[in-house]
Amino acid sequence: MLDPSSKTDGPINALIRNHEEKNARGLPLYPLLLEERARRAQAKSLLDFNKSLAVLREAAVTQICVSYGQIAEASGIKWSKARHHMNGAKGHLDGLLDICHAKGLPMLPAICVNKTNLETGELDPSALLGFVEGARRLGHSFSDAHEFHRARQRECWAWGREQQAAD
């Protein structure tokens, strides 16, 4: 099998796109490519994927949502500096979706919302759009974005209960 670490960024991104376009996300190389892209993004990022995953895991276990600011804080970065690195097709949250997919985890970024929406768990329209674009890129198909997001939150919390039981 191809060793993704032997490729440069361009070919890795091209291979990922090819897998996605051909709906070949189930092939063993795809998660390895996603992980390699995330590893490289981590080297260039202010935000730490492992610290973010730890915050999201704890939130899933305690059955709550977390804010983008809490994700930034876990990496020791002020929200004002982190906000421009958080969203978008190559942003931190999109990278977290890749990592979750590659590791067989639920879509943990589903429980990350604006601070004002911590109680409701709702995503603002632009955040919801980013979340569903990432989900579709990873092969998810759905018609109701809000319900899809809510279902992913429920999956995160169900997974969190399993983690708590295992601890």
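Above this text you will find the structure in question.
None of the values given here were measured: they were computed from a predicted structure.

A.B. asks: Summarise unusual backbone geometry; cite the residues concerned and give the values.
C.D. replies: In this structure, Asn23 is a non-glycine residue whose phi angle is positive, near 50°. As for its position among the elements, Asn23 is in the loop between α1 (9-21) and α2 (29-44). Owing to a relative accessible area of 58%, Asn23 belongs among the exposed residues under this scheme. The phi dihedral of Gln63 is positive, around 65°, even though this residue is not glycine. Looking at the secondary structure, you find Gln63 in the loop between α3 (49-62) and β1 (66-67).

A.B. asks: Describe in detail the packing of helix α6 (residues 92-103) against helix α7 (residues 125-137), supporting the description with residues and values.
C.D. replies: How two helices sit against one another is set out by the angle between their axes and by the gap between those axes. Where α6 contacts α7, the two axes come as close as 10 Å, and the packing angle between them is 35°. Considering the relative orientation of α6 and α7, their crossing is right-handed. Of the residues in α7, those in contact with Asp94, Leu97 and Asp98 of α6 are Phe131, Gly134, Ala135 and Arg137. The residue makeup of the contact of α6 with α7, split by class, is three nonpolar, one polar and three charged.

A.B. asks: Which residues make up the nonpolar core, and what are the values?
C.D. replies: In terms of nonpolar packing, the biggest core is built from 45 residues, with Leu56, Leu108, Ile111 and Phe131 touching the most fellow members. Examining the composition of this core, we find that six residues originate from one element, α6, more than from any other. Residues within four places of Ile111 in sequence aside, it is in contact with Leu56, Ala59, Ala60, Ile64, Cys65, Val66, Gln153, Cys156 and Trp157.

A.B. asks: Account for α1, with residues named and values stated.
C.D. replies: Relative to the 18 Å expected for 13 residues at 1.5 Å per residue, α1 spans 18 Å between its end C-alpha atoms, a close match to the ideal helical length. Along α1, the positions that sit buried rather than exposed are Ile12, Asn13, Ile16, His19 and Glu20. Buried residues of α1 fall within an arc of 120° about the axis and therefore sit on the same side. Taken together, the buried residues of α1 touch α2 and α7.

A.B. asks: So what about the packing of aromatic side chains? Which residues, and what values?
C.D. replies: A complete count under the given rule lists three aromatic pairs for this structure. Aromatic pair Tyr68 and Trp79: ring centres 6.1 Å apart, planes at 15°, arrangement stacked. Here Trp79 lies in helix α5 (residues 79-86) and Tyr68 lies in helix α4 (residues 68-74), a separation of eleven residues in the sequence. Under the relative-accessibility criterion, Tyr68 is labelled buried at 6%. Considering the side-chain rings of Phe131 and Phe148, the 6.1 Å spacing of their centres and the 45° angle between planes classify their relative orientation as tilted. One end of the pair, Phe131, is in helix α7; the other, Phe148, is in helix α8 (residues 145-166), and 17 residues separate them in sequence. By relative accessible area, Phe148 is classed as buried at 7%. An aromatic cluster of at least three residues, connected via ring pairs, comprises Phe131, Phe142 and Phe148.

A.B. asks: Outline the packing of α3 against α8, supporting the account with residue identities and numerical values.
C.D. replies: Packing of α3 against α8 brings their axes to within 7 Å, and their N-to-C directions diverge by 85°. Taken together, the axis directions place α3 and α8 in an arrangement best described as roughly perpendicular. In contact with Arg57, Ala59, Ala60 and Val61 of α3, α8 contributes Cys156, Trp157, Trp159, Gly160, Arg161, Gln163 and Gln164. Partitioning the contact of α3 with α8 into residue classes produces six nonpolar, three polar and two charged.

A.B. asks: Go over the side chain of Asp94 with me, naming the residues and quoting the values.
C.D. replies: Within the secondary structure layout, Asp94 lies in helix α6. Aside from chain neighbours lying at most four places away, what touches Asp94 is Gly88, Ala89, Gly134 and Arg137.

About the cut-offs
- Residues numbered from 1 in each chain as written.
- Predicted model: local features only at pLDDT ≥ 70, side-chain atom pairs only at ≥ 80, totals over all residues.
- Heavy atoms only, no water.
- Helix = DSSP H or I, 4+ residues; strand = E, 2+ residues; numbered from the N terminus.
- Buried < 20%, exposed > 50% of the residue type's maximum accessible area, 1.4 Å probe, protein only.
- Axes fitted to C-alpha atoms, helices over the stretch in contact; angles between N-to-C directions.
- Left-handed = near helix turned anticlockwise from the far one by under 90°.
- Contact = heavy atoms within 4.5 Å.
- Nonpolar A, V, L, I, M, F, W, Y, C, P; charged D, E, K, R; others polar.
- Core = buried A, V, L, I, M, F, W, Y, C linked by side-chain atoms within 4.5 Å.
- Expected span 1.5 Å × (residues − 1).
- Arc of directions from axis to C-beta.
- Phe/Tyr/Trp six-rings, centres within 6.5 Å; stacked < 30°, edge-to-face > 60°.
- Parallel < 35°, antiparallel > 145°, perpendicular 65-115°, else oblique.

From the geometry alone we can't say anything about function, so treat these as descriptive.
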